[in-house]
Amino acid sequence: MKKTKLAGLEETIITETLSNGLKVFLLPNNKVKNFYITFSTKFGSKDTEFKKTNSKKAISVPNGTAHFLEHLTFKMKGNVDATDYFVDLGSDVNAYTTFNVTCYEVFGYDKFKKNLETLLDFVQTPYYTKKMVEEEKGIITEEVKMYEDEIETKLIFKSFENMLHKDKTKNKISGSEEDVKSIELEDLENAYKTFYHPSNMFVTITGNFNPDEAMAIIEENQAKKKFSRKESFTVITDKEPNTVVTEYEEVKENVENEKVNIGIKIPYSSFSALKLTRLQENVYINILTNAMFGRTSKIKESLISGNIITDGLSVSRTYLENHILVNIIAETPYPKRYINLMKEAIKNFDIDEEELIRKKKVAISNLIQCFDDIEETNNLIQSDILEFGEFNANLFNIYNDLNIKIAKKIASKINNKNMSILVLKKKKGENK
């Protein structure tokens, strides 16, 4: 096992790669009483077309396949649901699918070995039948309908559609109702065989546990199983243009006040002259967008004091292969005025050294506090693995080394050049 001390922190991460390719990341925290185990595959909603290296033909699966597979993986022989095992262990089990990962997770306080073994076993023991697939379609389409009724979900995915030409992030993670109905047993089997091989998966454990025991349990568990020969593959993607699809759109919805999403599409290529790593670029964008639109930002305070927005600004960042999407959502009774003020603020945004130092201190403080929360720690490790292929132990130093000259150059790239604005307007006839 390899032990790596995290720069600037009293933390050590333990890593190992098994002979079958499964990667393991362990970060114990004996100050807490519980543990958090995640078993993840690098298979998300975007991965709908892939080609094995030794095959001439690409394989395509419908949108929503990764999410559908997440549901079915809980099903086991004998009409048993894996959830039942964890109820008996007194633990909480769940799973989720994002654009780039499917993750199975367990929170527990006791019976660590049994929890870990059970998680590994049910994920690595697929059992699917045509009947199960057909029955699950009804359950998932109801889930799709529920999410489609959520205003925030509509807002963000419609914004993705307006910003992205080809990148599959614009597709709903669950797929549409039509997508779900089109998924067949063969699609799920092809996806599982390709993406659920141990070499494409990783285990992350945080919280109160013994790392030597954890590693021994995983090694013993994997040694008992037979896996197919590892086959390398490539996920097929199309090059995404720097422009947005739609610069402005209004959509009528059941909203009390108009909601506005301002989306900014930033190509990574605009930072190439700065010769930064991808992680450094992401850190600068996080810091700068927090300074520009965060809880203590000048523009937020000005908009609230002027009664232009009803609450705060909700800021999110989505990191794609070649672009960063920054989305700022607000509820406003004056959408035109709000949009004009935001455009002006973005156009004239700058950051001084004093503010950068404040943001650095907050970021470092948040990083230190993150390791007190075993879920946040686990998520931090996972996000690094998915984005960079490994956990970066040097994040503290990256924050510490933030430079005002570079910050100003990157700030200049957060502009109105590739912007998409979506307004959800109140339907006619609704009360003011």
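Residues numbered from 1 in each chain as written. Predicted model: local features only at pLDDT ≥ 70, side-chain atom pairs only at ≥ 80, totals over all residues. Heavy atoms only, no water.

So, on to empty space enclosed by the protein. This model, assessed by the stated rule, comprises two cavities of 30 Å³ or more. In this structure, the largest cavity encloses a volume near 50 Å³. Around the largest cavity sit Leu6, Ala7, Leu9, Leu367, Phe371, Leu380, Phe391, Asn392, Ala393, Asn394, Leu395 and Phe396, which together line it. In this structure, the second largest cavity encloses a volume near 30 Å³. Together, Gly21, Lys23, Lys42, Ser199, Asn200, Met201 and Phe202 line the second largest cavity. (1 Å grid on protein atoms, 1.4 Å probe; cavity = no way out; pocket = protein on both sides within 12 Å on 5 of 7 lines; lining within 4 Å. Points joined across faces, edges and corners; volume = space filled by probe spheres on them.)

This part covers the pairing of strand β1 (residues 2-5). Sheet topology note: the β1/strand β2 (residues 12-17) ladder contains four bridges and is antiparallel. Across the sheet, residue lysine 3 finds its bridge partner in β2, namely isoleucine 14. Connecting β1 to the antiparallel partner β2 that follows it, the hairpin turn spans six residues, and glycine 8 within it adopts a positive phi of roughly 75°. (Pairing = 2+ DSSP bridges. Helix = DSSP H or I, 4+ residues; strand = E, 2+ residues; numbered from the N terminus.)

A few words on the side chain of glutamate 70. Within the element layout of this structure, glutamate 70 appears in helix α1 (residues 65-73). With no salt bridge to any partner, buried glutamate 70 finds its closest opposite charge in lysine 75, at an N-O distance of 11 Å. Excluding residues that lie within four positions of it along the chain, glutamate 70 makes contacts with Ala95, Tyr96, Thr97, Thr102 and Tyr104. (Buried < 20%, exposed > 50% of the residue type's maximum accessible area, 1.4 Å probe, protein only. Lys, Arg positive; Asp, Glu negative; His and termini not counted. Salt bridge = Lys/Arg side-chain N within 4 Å of Asp/Glu carboxyl O. Contact = heavy atoms within 4.5 Å.)

On to the sheet that holds strand β6 (residues 59-60). Taken together, the three strands give an open sheet; going across it, the order is β6-β5-β12, and neighbouring strands pair in antiparallel fashion. Two strands close off the open sheet at either side, each with one partner strand: β6 and β12 (233-235). Here three bridges tie strand β5 (residues 49-52) to β12, and the two strands are oriented antiparallel to one another. What sits directly across from lysine 52, in β12, is phenylalanine 233. Running at roughly 55° to β5, helix α7 (residues 185-195) makes contact with β5, β6 and β12 of the sheet. (Axes fitted to C-alpha atoms, helices over the stretch in contact; angles between N-to-C directions.)

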